[in-house]
Amino acid sequence: MQNAIGLMSGTSLDGVDVAWLRTDGERIGEFGPTGYRPYTEAERAVLRAALDDAPRIRERHERPDAVAEADDLVTRAHAEAVEAFLTEHGIDRGSVDVVGFHGQTVLHRPHECLTVQIGDGRALAKALRLPVVYDFRAADVASGGQGAPLVPVYHRALLRLADCAMPAAIVNIGGVANITYDDGENLVACDTGPGNALLDDYLLRHTGQAMDRDGALAAQGEVDAVWIARALTRPFFAASLPKSLDRNDFAALNVEGMTLEDGAATLTAFTAAAIARIVPLLPGRPVTWIVVGGGANNPTLMRMLAEQIAPSPVMTGHDLGWQNDAIEAQAFAYLAVRSLKKLPLTYPGTTGISSPLSGGVLALPS
Ligand SMILES: Nc1ncnc2c1ncn2[C@@H]1O[C@H](COP(=O)(O)OP(=O)(O)OP(=O)(O)O)[C@@H](O)[C@H]1O
Ligand SMILES: CC(=O)N[C@H]1[C@@H]2OC[C@@H](O2)[C@@H](O)[C@@H]1O[C@H](C)C(=O)O
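Every value quoted in this text rests on a predicted model; they were computed, and no experiment measured them.

Caption draft 1: View of the sheet that holds strand β7 (residues 168-173). Pairing is mixed in the open sheet, where five strands are placed in the order β9-β8-β7-β10-β11. Strands with a single pairing partner mark the edges of an open sheet, and in this sheet they are β9 (187-194) and β11 (314-316). Each neighbouring strand pair of the sheet contributes to a mean axis angle of 25°, computed without reference to strand direction. Pairing analysis gives seven bridges linking strand β8 (residues 176-182) to β9, with the strands arranged antiparallel. Looking at β9, one finds that Ile-179 is bridged to Cys-190. Sitting on the sheet, helix α10 (residues 260-277) is in contact with β7, β9 and β10 (288-292), with an inclination near 155° to β9.

Caption draft 2: Representation of the pairing of strand β4 (residues 98-109) in the model. β4 sits mainly inside the fold: 11 of its 12 residues count as buried. With five bridges connecting them, strand β1 (residues 2-9) and β4 associate as parallel partners. If you follow Ala-4 over to β4, its bridge partner there is Val-98. Bridging between β4 and strand β6 (residues 132-134) involves three bridges; their strand directions are parallel. Its bridge partner lying in β6, Phe-101 is registered against Tyr-134. In the sheet, β4 pairs with strand β5 (residues 114-118) via five bridges, with the strands oriented antiparallel. Each bridged residue has a counterpart across the sheet, and for Thr-105 the counterpart in β5 is Gln-117. Hairpin connection, β4 to β5: the antiparallel pair is bridged by four residues, and Cys-113 has positive phi, about 60°.

Caption draft 3: Focus on the UniProt feature "binding site: ATP" (unreviewed entry) in the chain. Annotation from UniProt places "binding site: ATP" (unreviewed entry) at Gly-10, Thr-11, Ser-12, Leu-13, Asp-14, Gly-15, Val-16 and Asp-17. Inspection of the secondary structure assignment puts Gly-10 in the loop between β1 and β2 (15-23). A relative accessible area of 0% means that Gly-15 is categorised as buried. Leave out the neighbours within four places in its chain, and Gly-15 touches Met-8, Ser-9, Gly-10, Tyr-36, Arg-37, Pro-38 and Tyr-39.

Caption draft 4: Molecular detail of the packing of helix α2 (residues 66-88) against helix α3 (residues 121-128). At their nearest, the axes of α2 and α3 sit 10 Å apart, and the two run at 30° to each other. The way α2 lies across α3 gives a crossing that is right-handed. Across the interface between the two elements, Thr-75, His-78, Ala-79, Val-82 and Glu-83 of α2 pack against Ala-123, Leu-124, Ala-127 and Leu-128 of α3.

Caption draft 5: How the structure looks around the site of ligand 2. Thr-105, Arg-137, Leu-150, Val-151 and Asp-191 are the nearest of the 15 residues found near ligand 2. Its free accessible area being 430 Å², ligand 2 has 98% of it covered by the protein chains. The leading source of residues in the shell around ligand 2 is β4, at three residues. Residue classes in the shell around ligand 2 are distributed as seven nonpolar, five polar and three charged. Here the shell around ligand 2 gathers at least three residues from each of two domains, domain 1 (2-148 + 326-363) and domain 2 (152-320).

Caption draft 6: Here's a closer look at helix α1 (residues 41-53). The terminal C-alpha atoms of α1 lie 19 Å apart, and with 13 residues this matches the ideal 18 Å at 1.5 Å per residue to within 8%. For α1, the elements touching its buried residues are β3 (28-38), α2 and β4.

Caption draft 7: Representation of the site of ligand 1 in the model. With respect to spatial proximity, 23 residues lie near ligand 1, and among them Thr-11, Ser-12, Gly-175, Asp-200 and Glu-328 are the closest. One of the backbone N or O atoms of Gly-175 is found 2.7 Å from an oxygen atom in ligand 1. In the model, a nitrogen atom of ligand 1 is placed 3.4 Å from a nitrogen or oxygen of the Asn-297 side chain. Bound to the protein, ligand 1 loses 90% of the 650 Å² it would expose on its own. Taken domain by domain, the shell around ligand 1 gets at least three of its residues from each of domain 1 (2-148 + 326-363) and domain 2 (152-320).

Each value, and the rule that gives it
Residues numbered from 1 in each chain as written. Chains lettered and ligands numbered in written order. Predicted model: local features only at pLDDT ≥ 70, side-chain atom pairs only at ≥ 80, totals over all residues. Heavy atoms only, no water. Pairing = 2+ DSSP bridges. Helix = DSSP H or I, 4+ residues; strand = E, 2+ residues; numbered from the N terminus. Axes fitted to C-alpha atoms, helices over the stretch in contact; angles between N-to-C directions. Contact = heavy atoms within 4.5 Å. Buried < 20%, exposed > 50% of the residue type's maximum accessible area, 1.4 Å probe, protein only. UniProt positions renumbered as here; feature names shortened; annotations may be inferred. Left-handed = near helix turned anticlockwise from the far one by under 90°. Near = heavy atom within 4 Å. Areas by Shrake-Rupley, 256 points an atom, 1.4 Å probe, with all protein chains shown as cover. Nonpolar A, V, L, I, M, F, W, Y, C, P; charged D, E, K, R; others polar. Domains from an automatic or database assignment. Expected span 1.5 Å × (residues − 1). Polar contact = N/O pair within 3.5 Å; in protein donor to acceptor, adjacent residues only side chain to side chain.

Next up, the structure:
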């Protein structure tokens, strides 16, 4: 078993999640503390500017304009996050075997063999004086895979530990939402559509708030079912599995003519309806549904999803005692250990590659 620290900066652009995990890359030995280092408003503005400039990237190592500034920022924020985490929890640096560093995705176009995660793994290894595994998506995309989602293999380990009724589905609702389906034999996964990013962006534009906290606005609005039916005609929803998304693939959809409450309700319901849309494409109908990620903290979204999935009950990871907001960070700790052991990170059912594939790049501190 190895002691790993996982780091995730997700598509919500809210901050860096940190998690400690003990694992041999197969089984979860022990969960540890978790941490969070939020981005400041100024840092978020730089990351948003990087998302705007990233579509100019043609080769994955290019860092045009704001992307270069964001690259340094992401490395620095992660180094700070780990240092604070080690201090806060009294973790001896020498006891950490590896750090799994996802970085920040600024562009994801697997059909063009292009996925870009910024943040410098080698600089982070040097700053932390620890081995760092980074660039988890590149090998998969280079082999013709979607390069996402990567968490399914960790979700499978969580399901085994929880001993859930099969088939089971874990739905992660971050900026983008994704699903892992596990029936004990098949491991199937894909992105499902928007998670919270469309709603977050809408709230930011209209209220200056970063999110619809506790789904309060959406709870007061009316869902525009016609708008949702139209949005669901986009080709992504009819496409077969596997499939993945860039954060901004749905950014052109807007609810600008609606009241603020109706717009929030409609975008929230769109996330739920898009998740339900995946069910007929899965090998079977899940009997266990577990929601993880920030979206699980939004009761309006949870209610709308439960309506879509009924009669199966929908739980959150909290209900199972999981550290719900740190699961992706734990996943990158787990994937880092798998990478060191050259175990597969991705499978034909999760990203569409032809055979199970390892990935990640190791940077040593010196
Ligand atoms: N109390 C809450 N009420 C409503 N929404 C919430 C609440 N807490 C978190 N969220 C939503 O969850 C989002 C953060 O989710 P999460 O941390 O899973 O995203 P992420 O790490 O960017 O994920 P990913 O990489 O999967 O896109 C916030 O931006 C917000 O939209
Ligand atoms: C390209 C990219 O960074 N995708 C993210 C994003 O956020 C959620 C969803 O879209 C998922 O596909 C992925 O993140 C998680 C960690 C994953 O790869 O499983």
